[in-house]
Amino acid sequence: MLKSARKQEKDPEGRMPLAEHLRELRNRLVKSLLAILVTTVVAAFFYKDTIQFFTDPILQAVGCDYSFAELAKNPNETQCARIVQNGLLSPFTLALTVSLSSGVVLAAPVWLYQLWGFIAPGLHRHEKKYSLAFVGAGFPLFLMGAYFAYWSLPKMASVMLEFSIIGSDNQLPLDDLLQLIMRMIVVFGLSFELPLLLVMLNFGGVLSGKKMAGWWRGMVLGITLFAAIATPSTDPISMLALAGPIWILYFAATAVALLNDKRRARREAEGPGDDEASELDLTPEDIDEAVPATASRALPEQATAERDRINGYDDVT
């Protein structure tokens, strides 16, 4: 049975030997891997439904309002872009990839809790508070970006397939399509983390709110260009649907940074608290001129040796 290293020996200051740290890291990794393994096995029974969930909007966008089962029954009666699988091992590899990815996502609460339980004892109280706040805000932001990716993919697919030659049969490899979907979800999710990153830099004292407010023109232009590239749809509504939330999040992050700067300036004006150390003035200062020191009184044997020297040497040579 795996036991937590911190429960075996408690230190009032939270210190642990290196061996105990390694043992606890091993235990938490094993628990995380077991959770991922269990959720992967469960997700393997529903991997077809998972694939259908991600591909249905794209199939409908390219003129195919049928499920995979209906396409198999009536292959000649439907005219639409087709999703295909190439190779004998492709179905098994795809099922394993989708199941494992779903397992990692579904087990996220477990392995995130294990990660937090490992690093939390080494943090101060305010660091724990900020870490929980950033994690609590970062996860919903990532989900918001993932939703916008899922929403914009069908529009992107319809635009891309308009470049096909008339009368040709469009075949979409399923593994490539799923890789594109995952890549878009990650890119959109990380783009929604930009305001959170700016707030973290502000709380760390690296970036000021005034500087963030001065960047607003460049940030609006950069976000607009990113939205135009990420959603290659011909209508501006899709681009604005992605750029608009990021604009709002950026200005919200700027407002939070400005408020934090005011709070920090007010706290510095009040001076350090009773339990805080005051700042030391480490500015270098000029030193006085050197004062020549008199030679110490020599011992008799040292005086005799000094008289026998010629020009500082013991002999003529």
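Sequence order as written defines residue numbering, which begins from 1 separately in each chain. Thresholds applied to this predicted model are a pLDDT of at least 70 for local features of residues and 80 or more for the giving and counting of side-chain atom pairs; totals over whole chains, interfaces and linings are not thresholded and use all residues. Side-chain numbers here rest on the full set of heavy atoms in the structure, without hydrogens or water.

1. A closer look at the nonpolar core
Part 1 of the reasoning: L178, I181, F188, F192, M212 and L242 are the most contacted members of the largest nonpolar core, which has 40 residues in total.
Part 2 of the reasoning: Helix and strand labels come from DSSP, where a helix needs a run of H or I of at least four residues and a strand needs a run of E of at least two; each type is numbered from the N terminus. Where this core is concerned, the elements lending two or more residues are α3 (47-61), α5 (90-106), α7 (125-161), α8 (174-191), α9 (194-203), α11 (216-230) and α12 (236-270).
Part 3 of the reasoning: With eight residues, α7 is the single largest residue contributor to this core.
Part 4 of the reasoning: What makes two residues a contact is simply this: any of their non-hydrogen atoms within 4.5 Å. Sequence-distant contacts of I181, that is, excluding residues within four places in its chain, are made with F54, I58 and L153. The criterion is simple. A nonpolar core is a set of buried Ala, Val, Leu, Ile, Met, Phe, Trp, Tyr and Cys residues joined through side-chain atoms within 4.5 Å. Three exposure classes are used, based on accessible area relative to the maximum for each residue type with a 1.4 Å probe and protein chains only: buried under 20%, partly exposed in between, and exposed over 50%.

2. Let's talk about the pattern of salt bridges
Part 1 of the reasoning: Just to be clear on terms, a salt bridge is a Lys or Arg side-chain nitrogen sitting within 4 Å of an Asp or Glu carboxyl oxygen. If you walk through the whole model with that rule in mind, you get three salt bridges.
Part 2 of the reasoning: Taking the shortest distance from any N to any O, the salt bridge between R23 and E20 comes out at 2.8 Å. Remark: E20 and R23 occur in helix α2 (residues 18-44); sequence separation between them is three residues, near one turn of the helix.
Part 3 of the reasoning: The salt bridge involving R264 is made with D261; its shortest N-O contact spans 3.7 Å. In this pair, R264 and D261 are both assigned in helix α12, three residues apart and thus about one turn of the helix distant.

3. Some thoughts on helix α6 (residues 108-119)
Part 1 of the reasoning: In a helix, the anticipated span is given by 1.5 Å times the number of residues less one. Between its terminal C-alpha atoms α6 stretches 16 Å, which fits the 16 Å expected from 12 residues at 1.5 Å a residue.
Part 2 of the reasoning: Along α6, the residues that are buried comprise A108, Q114 and G117.

4. Some thoughts on the environment of H21
Part 1 of the reasoning: Inspection of the secondary structure assignment puts H21 in helix α2.
Part 2 of the reasoning: In the structure, H21 is positioned 97 residues away from F118 in sequence and 8.7 Å away in space, judged by C-alpha atoms.

5. Observations regarding the packing of α2 against α5
Part 1 of the reasoning: Contact pair α2 / α5: the axes reach a minimum separation of 7 Å and the direction vectors enclose 130 degrees. Relative to α5, α2 is oriented oblique. Considering the relative orientation of α2 and α5, their crossing is right-handed. Counted together, I36, T39, T40, A43 and A44 of α2 and S99, L100, S102, G103, V104 and L106 of α5 form the full contact between these two elements.
Part 2 of the reasoning: Per-class residue counts for the contact of α2 with α5 are six nonpolar, five polar and no charged. Fitted lines through C-alpha atoms serve as axes, helices being fitted only where they are in contact, and the angles separating the N-to-C directions of these axes extend from 0 to 180 degrees. By definition in this entry, angles of less than 35 degrees are roughly parallel, angles greater than 145 are roughly antiparallel, angles of 65 to 115 are roughly perpendicular, and the rest are oblique. For any pair of crossing helices, the crossing counts as left-handed if the nearer helix is rotated counterclockwise from the farther one by less than a right angle, and right-handed if it is rotated clockwise. Three classes are used: nonpolar for Ala, Val, Leu, Ile, Met, Phe, Trp, Tyr, Cys and Pro, charged for Asp, Glu, Lys and Arg, and polar for all others, with Gly counted as polar.

6. Things to note about a positive patch on the surface
Part 1 of the reasoning: On the surface, K129, R263, R266 and R267 cluster together into a patch of positive charge.
Part 2 of the reasoning: Among the elements that take part in the positive patch, α12 stands out by supplying three residues, more than any other.
Part 3 of the reasoning: With a relative accessible area of 31%, R263 lands in the partly exposed category. Residues forming no salt bridge and having over 30% relative accessible area are the ones grouped into patches, like charges within 9 Å of each other and nonpolar side chains (Val, Leu, Ile, Met, Phe, Trp, Tyr) within 5 Å. Only the protein chains shown count as cover for residues, with accessible areas throughout obtained via the Shrake-Rupley method and a probe of 1.4 Å. Under the convention used here, Asp and Glu are negative, Lys and Arg are positive, and both His and the chain ends fall outside the count. Think of each charge as sitting on NZ of Lys, CZ of Arg, CG of Asp or CD of Glu.

7. Some words on the packing of aromatic side chains
Part 1 of the reasoning: The aromatic pairing rule takes the rings of Phe, Tyr and Trp, using the six-membered ring of Trp, and pairs them if the centres are within 6.5 Å, calling planes under 30 degrees apart stacked, those over 60 edge-to-face and the rest tilted. On inspection of all chains with the given rule, the structure shows seven aromatic pairs.
Part 2 of the reasoning: With a centroid separation of 5.9 Å and 75 degrees between ring planes, the pair formed by Y147 and F148 is classed as edge-to-face.
Part 3 of the reasoning: Take Y147: its relative accessible area is 52%, and that puts it in the exposed class.
Part 4 of the reasoning: Connected via pairs of aromatic rings, a cluster forms that spans F53, F54 and Y150.

8. A look at the confidence of the model for the protein chain
Part 1 of the reasoning: Summing up the model confidence of the protein chain, the mean pLDDT is 75 and the portion of residues at 70 or higher is 71%.
Part 2 of the reasoning: pLDDT expresses how confident the predictor is about each individual residue, on a scale running from 0 to 100. The least confident element of the protein chain is helix α1 (residues 5-8), whose mean pLDDT is 49; the most confident is α2, at 89.

9. A look at a nonpolar patch on the surface
Part 1 of the reasoning: Taken together, the side chains of V30, L34, L37, V38, V41, V42, F45 and F46 define a hydrophobic patch exposed on the protein surface, amounting to about 770 Å² of accessible area.
Part 2 of the reasoning: Tracing the sequence through the fold places F45 in the loop between α2 and α3.
Part 3 of the reasoning: Judged by its relative accessible area of 68%, F45 falls in the exposed class.

10. Points about the side chain of T40
Part 1 of the reasoning: Looking at where T40 falls in the secondary structure, it is placed in helix α2.
Part 2 of the reasoning: Discounting chain neighbours no more than four positions away, the residues touching T40 are S99, L100 and G103.

11. Describing the packing of α3 against α5
To describe two helices that pack against each other, one gives the angle between their axes and the distance between the axes.
Part 1 of the reasoning: Closest axis-to-axis distance for the α3/α5 pair is 9 Å, and the angle between their directions is 85 degrees. Taken as axis vectors, α3 and α5 run roughly perpendicular relative to one another. Contacts between α3 and α5 involve Y47, T50 and I51 on the former and, on the latter, L94, A95, V98, S99 and S102.
Part 2 of the reasoning: Each residue belonging to the contact of α3 with α5 can be placed in one class, and the counts come to five nonpolar, three polar and no charged.

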